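# Breakdown of the fold
Chain by chain, the residues run as shown.
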Amino acid sequence: MELNWMAWTWPTAIFFLIIATTLVVMTVLAVKFPERERVGILHIPTTRGDRLFITLLGSAFIHLGWLFFLDIQLWWALVVSAAYAFIVFRWV
C-alpha cells in the first residue's frame, strides 16, 4: 500500500508518536491508579481522560489562533499550550 499521499514528514511522525505515547501512558495510569471523577472550576465531573481531551482540543485552537493572528515563531504557542495543559490538569 502506497502512503505517498499522506506526506509523512519527521515532524508529522513525531507528532503522532507523541499522541500515541500519551494515550498509552494514560491507559497505564488508568489501570494502575483507577480514576475518580472530580469537579473543578467548570463545575462538571471530569476524569484524567476528559482533561486530556480538553487539553488537546484547546491546544489545537491555541496553535490555530497563533498561526492566524501572530507572525511569531510557533514554539511560543507550544509554551502557551503547555501552560494551558498545566492549568487544565490542575484546576479543571
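Just so it is clear, the model here is predicted, and its values are computed rather than measured.

### With respect to the overall build of the protein
A tally of helices and strands in the protein yields three helices and two strands. Secondary structure of the protein in N-to-C order comes out as α-β-β-α-α. Relative to its length of 92 residues, the protein is extended, with a C-alpha radius of gyration of 16 Å against a globular reference of 12 Å. Burial analysis of the protein (92 residues in total) assigns 17% to the buried set.

### Quick notes on the packing of aromatic side chains
The relative placement of two aromatic rings is captured by the distance of their centres and the angle of their planes. Taken as a whole and assessed by the stated rule, the structure comprises three aromatic pairs. Centroid distance F15 to F16: 5.3 Å. Interplanar angle 80 degrees. Geometry classified as edge-to-face. Overall, the relative accessible area of 45% leaves F16 in the partly exposed class. Seen from their ring centres, F86 and W91 are 6.1 Å apart, and the 85 degrees between their planes marks the pair as edge-to-face.

### With respect to the packing of helix α2 (residues 48–69) against helix α3 (residues 75–91)
The contact between α2 and α3 brings their axes to 9 Å, and the two run at 155 degrees. Looking at the two axes, α2 sits roughly antiparallel to α3. Both α2 and α3 take part in a crossing whose hand is right-handed. Contacts between α2 and α3 involve R48, R51, L52, I54, T55, G58, S59, I62, H63 and W66 on the former and, on the latter, W76, A77, L78, V80, S81, Y84, A85, V88 and F89. The residue makeup of the contact of α2 with α3, split by class, is twelve nonpolar, five polar and two charged.

### Some points on the side chain of T46
Among the structural elements, T46 can be located in strand β2 (residues 45–46). Apart from residues no more than four positions distant in its own chain, T46 is found in contact with R36, E37, R38, R51 and V92.

### Quick word on the side chain of S59
Looking at the element boundaries, S59 is found in helix α2. Classification of S59 by relative accessible area gives buried; the value is 13%. Setting aside its immediate chain neighbours within four residues, S59 contacts S81 and Y84.

### Some words on the packing of helix α1 (residues 10–32) against α2
Running from N to C, α1 and α2 point in directions that differ by 160 degrees, and their axes come no closer than 11 Å. For the element pair α1 / α2, the angle class is roughly antiparallel. As α1 packs across α2, the resulting crossing turns out to be right-handed. In contact with I19, T22, L23, M26, L29 and A30 of α1, α2 contributes R48, G49, L52 and L56. Residues of the contact of α1 with α2, tallied by class, amount to seven nonpolar, two polar and one charged.

So, how was this worked out
By convention here, each chain's residues receive numbers from 1 onward along its written sequence. Note on the predicted model: pLDDT of at least 70 is required for a residue's local features to be given, and 80 or more for side-chain atom pairs to be given and counted; whole-chain, interface and lining totals, by contrast, use all residues. Note that the side-chain values use all heavy atoms of the structure and ignore hydrogens as well as water. Numbering of helices and strands runs from the N terminus, with a helix taken as a DSSP run of H or I at least four residues long and a strand as a DSSP run of E at least two residues long. In this description the radius of gyration comes from C-alpha coordinates, and the expected globular size is given by 2.2 Å times residues to the power 0.38. Buried residues are those whose accessible area, probed at 1.4 Å on protein chains only, stays under 20% of the maximum for their type, while exposed residues exceed 50% and partly exposed ones sit between those limits. Centre distance within 6.5 Å is the pairing criterion for rings of Phe, Tyr and Trp, where only the six-membered ring of Trp is used; planes under 30 degrees apart are then read as stacked, over 60 as edge-to-face, and the remainder as tilted. For every element, the axis is a line fit to its C-alpha atoms; helices are fit only across the contacting stretch, and the angle between N-to-C directions ranges from 0 to 180 degrees. If an angle is under 35 degrees, it is roughly parallel; if it is over 145, roughly antiparallel; if it lies from 65 to 115, roughly perpendicular; otherwise it is oblique. Should the near helix be turned anticlockwise from the far one by less than a right angle, the crossing is termed left-handed; should it be turned clockwise, right-handed. The contact criterion used throughout is that any non-hydrogen atoms of two residues lie within 4.5 Å. Each residue is assigned to one class: nonpolar for Ala, Val, Leu, Ile, Met, Phe, Trp, Tyr, Cys and Pro, charged for Asp, Glu, Lys and Arg, and polar for all the others, Gly among them.

Fair warning: the whole summary comes from geometry, so function is off the table for now.
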